[in-house]
Amino acid sequence: MPERMGLLKKGASQLGLALSDEQLEQFEVYFHELADWNRRANLTAIIEYEDVQVKHFLDSLTVCLTAREHLAGQVRVIDVGAGAGLPGLVLKLAFPEIELALVESVGKKTAFLEHIVATLGLEEVTVHTGRAEDLAREEDLRDAFDLVVVRALAKLPLLLEFSLPFCKTGGRLVALKHGGDWSEQESAANALKELGGHIERVSTVLLERLTDNRIVISVEKTMPTPERYPRGVGIPGKRPL
């Protein structure tokens with residue numbers, strides 16, 4: 001019988017992370033709950049055991065390629081567009097000391113997030129149901145996080161407008177993207193200038209089974225995002241910065 005979460009354990013070690021048996025057991029529970037809820041809530045198209053370990057859990061941990069030092073200790077992390085908790089919850093399991101906020105607009109998905117947080121007995125995790133454009137105006141969420149993580153959320157200019165307002169000045173936004181071409185980063189130059197960010201690093205993911213053009217983009221927040229951003233629901237998509 002294959003080792004429990006063996007692919008995740010091996011991939012994590014290639015990232016310099018040693019996951020304990022207890023952590024691997026939590027990931028095992030996460031997988032089974034995800035598969036169970038997926039039958040009724042349509043959380044993900046990827047549901048095979050090996051694929052979830054690599055394409056969901058290990059992919060989420062690639063945040064470490066550019067932000068390892070920003071996951072040390074009791075830092076505040078927010079996952080914008082959390083879906084089934086990827087990458088935010090995966091980071092919480094790997095780095096239990098972080099304080100995590102999960103933002104997701106779809107109620108079925110936040111119901112799953114609340115369920116899995118309770119099932120795993122996780123502390124210092126809050127789940128917010130709503131759109132990033134609205135939640136980024138809330139006093140306790142705006143300019144409040146050391147690290148903002150997003151995964152396959154939108155084109156870079158849009159993603160930045162939705163996510164950078166949550167980030168503290170001096171903090172980081174890390175975006176996990178498919179298709180490592182530079183055109184998207186060039187198109188984001190104006191958005192970065194407007195929103196107060198600067199692309200600090202871009203890492204190519206070179207892990208076994210994750211060789212399909214995945215990149216990790218790290219953005220440093222260099223100044224507070226002007227009050228007018230993010231613009232109202234629907235506007236960023238129609239008129240990207």
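You'll find the structure just up there.
Residues numbered from 1 in each chain as written. Predicted model: local features only at pLDDT ≥ 70, side-chain atom pairs only at ≥ 80, totals over all residues. Heavy atoms only, no water.

Kindly report on the pattern of salt bridges, identifying the contributing residues and their values.
Applying the stated criterion across every chain yields a total of 17 salt bridges. In this structure, E194 and R228 form a salt bridge, with 3.2 Å as the shortest nitrogen-oxygen distance. Of this pair, E194 sits in helix α10 (residues 189–195) while R228 sits in the loop between β7 (214–221) and α11 (235–238), and the two are 34 residues apart along the sequence. For E194, a relative accessible area of 23% corresponds to the partly exposed category. The exposed category is assigned to R228, whose relative accessible area is 52%. Among the charged side chains, a salt-bridge network with shared partners connects R4, E25 and E28. (Salt bridge = Lys/Arg side-chain N within 4 Å of Asp/Glu carboxyl O. Helix = DSSP H or I, 4+ residues; strand = E, 2+ residues; numbered from the N terminus. Buried < 20%, exposed > 50% of the residue type's maximum accessible area, 1.4 Å probe, protein only.)

Run through the pairing of strand β2 (residues 99–104), naming residues and quoting values.
Extensive coverage of β2 is indicated by the burial of five of its six residues. As judged from the five bridges shared by strand β1 (residues 76–80) and β2, these two strands associate in the parallel manner. Across the sheet, residue V80 finds its bridge partner in β2, namely V103. This β-α-β element, β1 to helix α5 (residues 88–94) to β2, shows right-handed connectivity. Sheet analysis places β2 next to strand β3 (residues 125–129), joined by five bridges and oriented parallel. Opposite V103, over in β3, you have H128 as the bridge partner. Read from β2 through helix α6 (residues 107–119) to β3, the crossover connection turns out right-handed. (Pairing = 2+ DSSP bridges. Right-handed = clockwise from strand over helix to strand, strands pointing away.)

Now, about the pairing of β7: what can you tell me, with residues and values included?
In terms of burial, β7 is a largely internal element, seven of the eight residues being buried. Looking at chain direction, strand β5 (residues 167–178) and β7 are connected through seven bridges and run antiparallel. Its bridge partner lying in β7, L176 is registered against V216. Sheet topology places strand β6 (residues 197–204) next to β7; seven bridges connect them, and they run antiparallel. Bridge assignment links T204 to a residue of β7, and that residue is I215.

Please provide a residue-by-residue account of the packing of aromatic side chains, values included.
Across all of its chains, the model carries five aromatic pairs by this definition. When the ring of F31 is compared with that of Y49, the centres are 5.0 Å apart and the planes differ by 70°; the resulting orientation is edge-to-face. Taken together, the residues F31 in helix α2 (residues 21–41) and Y49 in helix α3 (residues 49–61) connect sequence positions 18 residues apart. Overall, F31 belongs to the buried group, its relative accessible area being 8%. Aromatic rings pair up to connect F27, Y30, W37, F57 and F112 into one cluster. Over the ring of W37 we find R40, and its NZ or CZ is 4.8 Å from the ring centre. Directly above the aromatic system of F145 lies the positively charged group of R76, at a separation of 4.4 Å from the ring centroid. (Phe/Tyr/Trp six-rings, centres within 6.5 Å; stacked < 30°, edge-to-face > 60°. Lys NZ or Arg CZ within 6 Å of the ring centre and 35° of its normal.)

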